[in-house]
Amino acid sequence: MKKDGNIPYKTYLEENEIPNKWYNVRADMPVKPAPLVNPGTGKPLTMEEMEPIFCKELIKQELDNDTAYIDIPQEVQDFYKMYRPSPLIRAYFLEEALGTPAKIYYKYEGSNTSGSHKLNSAIAQVYYAKKQGLKGVTTETGAGQWGTALSMACAYFDMDCKVYMVKVSYEQKPHRREVMRTYGASVVPSPSMETEVGRKINAEFPGTTGSLGCAISEAVEVALASKGDYRYELGSVLNQVVLHQSIIGLEAKAACDKLGVKPDMIIGCAGGGSNLGGLIAPFAGEKLRGEADYDIVAVEPASCPSLTRGVFAYDFCDTGKICPLAKMYTLGSGFIPSANHAGGLRFHGMSPIVSQLYHDGYMRAVSVEQTEVFEAAETFAKTEGILPAPESSHAIRAAIDEALRCKETGEEKTILFGLTGTGYFDMVAYGKYNDGEMTDEIPTDEELQASFATLPQIPDAK
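No experiment lies behind these values; they were computed from the predicted model shown. (Residues numbered from 1 in each chain as written. Predicted model: local features only at pLDDT ≥ 70, side-chain atom pairs only at ≥ 80, totals over all residues. Heavy atoms only, no water.)

Caption draft 1: Representation of the pattern of salt bridges in the model. All told, the structure shown has 26 salt bridges when counted by the stated rule. Note that E378 and K382 form a salt bridge whose closest N and O atoms lie 3.6 Å from each other. Residue E378 and its partner K382 are both found in helix 15 (residues 370–384); the two are separated by 4 residues, about one turn of the helix. The exposure class assigned to E378 is partly exposed, which follows from its relative accessible area of 27%. A residue is classified by how much of its surface remains accessible, and K382, at 67% relative accessible area, is exposed. If you follow the salt bridges from partner to partner, you end up with R84, K107, E109 and E251 in one network. (Salt bridge = Lys/Arg side-chain N within 4 Å of Asp/Glu carboxyl O. Helix = DSSP H or I, 4+ residues; strand = E, 2+ residues; numbered from the N terminus. Buried < 20%, exposed > 50% of the residue type's maximum accessible area, 1.4 Å probe, protein only.)

Below you can see the structure in the form of structure tokens.
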């Protein structure tokens, strides 16, 4: 391994350097994300209309487009210290294997029991639910990382947790399911037969493997039927989640500044947009304010390409069409992606914040196929010693591709990507790849057009 001057392999902040405020990138966006809309009225949702679904404090954060920095509650800061700060790692071994002049860094979020970045928002959301005096929360989970994180947070605050897990992931990832149950959560494969919307989806799509949109519908239905004892909590997409995940980017930027390093490229995998939005937040803020420039890249699966092949329009966040409408890049709420192995990226839409930044040209997006993703994951595991989650491996794929381009051109770009979690519960997927049984399924233009045709006709809300 060829060391680069005094740059260490791992860089940690001191405990007292962990940020005590989240950064709200919306405050610096010249065009704010469009408001959530009531599908019945076509008007922006009021706080009162959102209260049956979300916790009051989270609604305030969801609606706040102007406050740049929001205090992290002391109880949440204390919890963060169990696993934060997370390391910024220089991928010396990967660089050497690729023979690239590029400098590659990754922010590693997998060093907690949930195995991913999801705990950053889960603990905050459950804290606010506990503070409000609720009995418990409901949620959906795709790969199982969010459900695991939320079950951990609920156990910490002694609250009930009901998780609707996308059926294909429930079957592919029994170990993550059991971690949730160990922390006391009730875990149900979605779509189920215990909710009205689940029964409807099963009838309309017999044998469906489910999707995040389906699971969201079920979790929201149960929360609404609880007569005020429960609220729904979402692990991605919403503004409040991107806000909480800004802790990733704030730490990453602080570590880069400490090293005297300025990334040329910032790369993140993109499903609903939480980890990507959190990683890029302070860098995007500098770009928005004209203080610096970065090439920000979202990487999504070719099987669920909301940014690269979707449309920017108002759409339901869930398949059952019981949630508010969000203006985002979407494939249509009825679109059910193929049963790929990156369950956390199988969502039909994208964060309104990420969507607006992309729409306004502050970032770009690429899509990659599943087999190429696992090839990159294997390369990374062999060189850097961490088995990455399939979701994170989309970012790894793009980082490797850029590093190889630098090898051809001789450019010494500095690349930063987010390693959002570990892949140790994804062995079914790795087994399919190792056995040569993994396939790439890409939706046709005709399939997407049919889905777009079902989008609700909602003009921009005023």
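Caption draft 2: Quick peek at the packing of helix 6 (residues 145–156) against helix 8 (residues 174–182). Across the interface, helix 6 lies against helix 8 with an axial gap of 8 Å and an inter-helix angle of 15°. With respect to their mutual orientation, helix 6 and helix 8 come out roughly parallel. The chirality of how helix 6 crosses helix 8 is left-handed. The residues of helix 8 that touch helix 6, namely those facing Q145, G147, T148 and S151, are R176, V179 and M180. Of the residues belonging to the contact of helix 6 with helix 8, the class tally is 2 nonpolar, 4 polar and 1 charged. (Axes fitted to C-alpha atoms, helices over the stretch in contact; angles between N-to-C directions. Parallel < 35°, antiparallel > 145°, perpendicular 65-115°, else oblique. Left-handed = near helix turned anticlockwise from the far one by under 90°. Contact = heavy atoms within 4.5 Å. Nonpolar A, V, L, I, M, F, W, Y, C, P; charged D, E, K, R; others polar.)

Caption draft 3: Region of interest: the side chain of E62. Mapping E62 onto the fold places it in helix 2 (residues 56–63). A distance of 3.1 Å separates the side chain of E62 from the backbone nitrogen of N239, its partner in a polar contact. Beyond its immediate chain neighbours, meaning those up to four positions away, E62 contacts R26, L36, M50, L238, N239 and Q240. (Polar contact = N/O pair within 3.5 Å; in protein donor to acceptor, adjacent residues only side chain to side chain.)

Caption draft 4: Highlighting the packing of aromatic side chains. Taken as a whole, this structure holds 17 aromatic pairs when the rule is applied. Look at F283 and Y294: their rings are 5.3 Å apart centre to centre, the planes differ by 80°, and that puts the pair in the edge-to-face class. One end of the pair, F283, is in helix 12 (residues 274–288); the other, Y294, is in the loop between helix 12 and strand 11 (295–301), and 11 residues separate them in sequence. With respect to class, F283 is no different from Y294; both count as buried. Measuring from centroid to centroid gives 5.2 Å for F374 and Y430, while their planes differ by 75°, and the two rings are edge-to-face. In this pair, F374 is assigned in helix 15 and Y430 in helix 17 (residues 427–434), connecting sequence segments 56 residues apart. (Phe/Tyr/Trp six-rings, centres within 6.5 Å; stacked < 30°, edge-to-face > 60°.)

So far we have only geometry, and geometry alone does not tell us how the molecule works.
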